[in-house]
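Secondary and tertiary structure notes
The chain contents come next:
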Amino acid sequence: MAENEKNKIEGGALYLVGTPIGNLADISERAKKVLSEVDFIAAEDTRNTAKLLLCLGIRGELVSYFEHNKKASGERIIERLLSGESCALVTDAGMPAISDPGEDIVRLCAEAGVRVLVVPGPCAAVSALALSALPTGKFVFEGFLSANKGERRARLLELTSESRTLIFYEAPHKLKTTLSDMADAFGEERRVSLCRELTKINEEVIRTTLARALEYYTEHEPRGEYVLVIEGADGCARKEENPLLTLTPEEHVAHYEAEGLKRMDAIKKAAKDRGLSKSELYNSLIEK
Ligand code: SAM
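Residues numbered from 1 in each chain as written. Predicted model: local features only at pLDDT ≥ 70, side-chain atom pairs only at ≥ 80, totals over all residues. Heavy atoms only, no water.

**What to know about the sheet that holds strand S6 (residues 139-144)**
Put simply, the rule reads: Should DSSP find at least two bridges between two strands, the strands are taken to pair. Secondary structure elements follow DSSP: runs of H or I no shorter than four residues count as helices, runs of E no shorter than two count as strands, and numbering proceeds from the N terminus. Only the stretch in contact is used when a helix axis is fitted, and all axes are lines through C-alpha atoms; the angle between N-to-C directions ranges over 0 to 180 degrees. Working rule for contacts: check all heavy atoms of both residues, and any pair within 4.5 Å makes them a contact.
Across the sheet, 5 strands lie side by side as S6-S7-S10-S8-S9; this open sheet has mixed pairing. The strands lining the two open edges of the sheet, one partner per strand, are S6 and strand S9 (204-209). Averaged over neighbouring strand pairs, the angle between their axes works out to 20 degrees when direction is ignored. As paired elements, strand S8 (residues 191-196) and S9 share 6 bridges and run antiparallel to each other. Across the sheet, the residue bridging to Val192 is Thr208, located in S9. The strands that helix H9 (residues 210-219) touches are S8, S9 and strand S10 (226-230); relative to S9, the one it contacts most, it runs at about 125 degrees.

**Quick look at the site of the ligand**
Test applied: Note on terminology: near, applied to a residue and a molecule or strand, indicates that one of the residue's heavy atoms is within 4 Å of it. Two N or O atoms form a polar contact when they lie within 3.5 Å of each other; inside protein one atom must be a possible hydrogen donor and the other a possible acceptor, and for residues adjacent in sequence the pair counts only when both atoms belong to side chains. Residue-level accessible areas treat just the shown protein chains as cover; the underlying method is Shrake-Rupley with a 1.4 Å probe.
Surveying the vicinity of the ligand reveals 19 residues, the closest of which are Ile98, Asp100, Ala124, Leu198 and Tyr226. Within the backbone of Met95, an N or O atom sits 2.9 Å from a nitrogen atom of the ligand. A distance of 3.4 Å is found between a nitrogen atom of the ligand and a side-chain nitrogen or oxygen belonging to Glu225. Expressed as a share of its isolated accessible area of 580 Å², the protein-covered part of the ligand is 91%. When residues of the shell around the ligand are traced back to their parent elements, those giving at least two are strand S7 (165-170) and S10.

**What to know about the pairing of strand S4 (residues 87-90)**
Formally: In this scheme, a residue with accessible area under 20% of its type's maximum is buried, one over 50% is exposed, and one in between is partly exposed, where area comes from a 1.4 Å probe on protein chains only.
Taking every second residue as pointing to the same face, both faces of S4 are buried, with Cys87 and Leu89 on one and Ala88 and Val90 on the other. Bridge analysis of strand S1 (residues 13-17) against S4 gives 3 bridges, and the strand direction is parallel. For Leu16, the partnering residue across the bridge sits in S4 and is Leu89. When strand S2 (residues 40-43) meets S4, the two strands line up parallel, connected through 4 bridges. Within S4, the residue paired with Ile41 across the bridge is Ala88.

**Describing the environment of Gly12**
Looking at the element boundaries, Gly12 is found in the loop between helix H1 (3-6) and S1. Classification of Gly12 as buried rests on a relative accessible area of 16%. Each C-alpha atom of the pair Gly12 and Leu81 lies 4.6 Å from the other, and the pair is 69 residues apart in sequence. Apart from the residues within four sequence positions on either side, Gly12 is in contact with Leu81, Gly84, Glu85, Ser86, Val114 and Arg115.

**Some remarks on the sheet that holds S1**
The 5 strands are arranged S3-S2-S4-S1-S5 in an open sheet whose pairing can be described as parallel. Two strands bound the open sheet, and with one partner strand each, they are strand S3 (62-64) and strand S5 (115-119). Direction aside, the axes of adjacent strands within the sheet are offset by 25 degrees on average. Alignment of S1 against S5, held across 5 bridges, turns out to be parallel. Pairing of Tyr15 across the sheet is with Leu117, part of S5. Sheet strands in contact with helix H3 (residues 46-56) are S2, S3 and S4, and its direction is about 155 degrees off that of S3.

**Some remarks on the pattern of salt bridges**
To keep things clear, this is the line we draw: In what follows, salt bridge is the name for a side-chain nitrogen of Lys or Arg lying within 4 Å of a carboxyl oxygen of Asp or Glu.
Under the counting rule described, the total for this entry stands at 24 salt bridges. Across the pair Lys33 and Glu37 runs a salt bridge, and its minimum N-O distance is 3.1 Å. With Lys33 and Glu37 both in helix H2 (residues 29-37) and 4 residues apart, the pair spans about one turn of that helix. Classification of Lys33 by relative accessible area gives partly exposed; the value is 30%. A salt bridge links Lys174 to Glu170; the shortest N-O distance between them is 4.0 Å. With a relative accessible area of 6%, Glu170 lands in the buried category. Salt bridges sharing partners connect three or more residues here, namely Glu67, Lys70, Asp104, Arg107 and Glu111.

What follows is the structure, given as structure tokens:
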């Protein structure tokens, strides 16, 4: 299929259009094309999107689709899609449907047999993860924690032994309370990367521990938008669960040998405890 054919706007389709999270230059060519060619644009905040469109020199019909009108507005949008019109869904910033209204309309489209296409753009969570300097291979996105203290603490406790890197969105006025609850649940030494104002003039990443972050923000008022990326429980929690993990690999193997296991069996057992393969542990013994 020719490039221009592939990028032709389809009638009766919803386009999820990613928009910048702070830097207008991050808008993609395809996002501009789709926004200028669809029949109408559904926006979380029409005033905000009107400003974006003005900067891009795009005129278009804007309809409001946000948390508190999403049921009625969602039904009207589906009707228009079913009648053959095309629609772009945008939110205030970033990827629609990620901690944003959008999730519901995608589900309604799927149920109604409406085609949904994606025009990928910036996402605060993924951008922060990439900058965090924490393991990125496996991660969990938690979005916003509950504003209710009991629910928030309960959720954090459920996550204490989660070994994957954790990603949270947080508003500046709740940052200190959240960091304090996290330090209580995950331990003060858990590493955190606080990613602030990404792609904006004051973009900043503070890579530290929960205790030191809390100390820092007791002296500096949090400002701007934050993503918190927290190291997984590997390291900290597993050591508390199994004291043998505080030993060196040699001591760990020697412990099982002293219990009467043959050397290879002791290596196998210690490797299992440490979440390593037998050869990885063996290599760490001979490298010494
Ligand atoms: N859908 C958007 C996305 O995935 O990028 C996120 C929308 S959510 C309503 C807004 C939250 O995303 C903010 O409270 C903040 O936690 C995070 N966020 C958005 N823009 C950001 C930025 N430039 N820097 C850091 N965090 C940002």
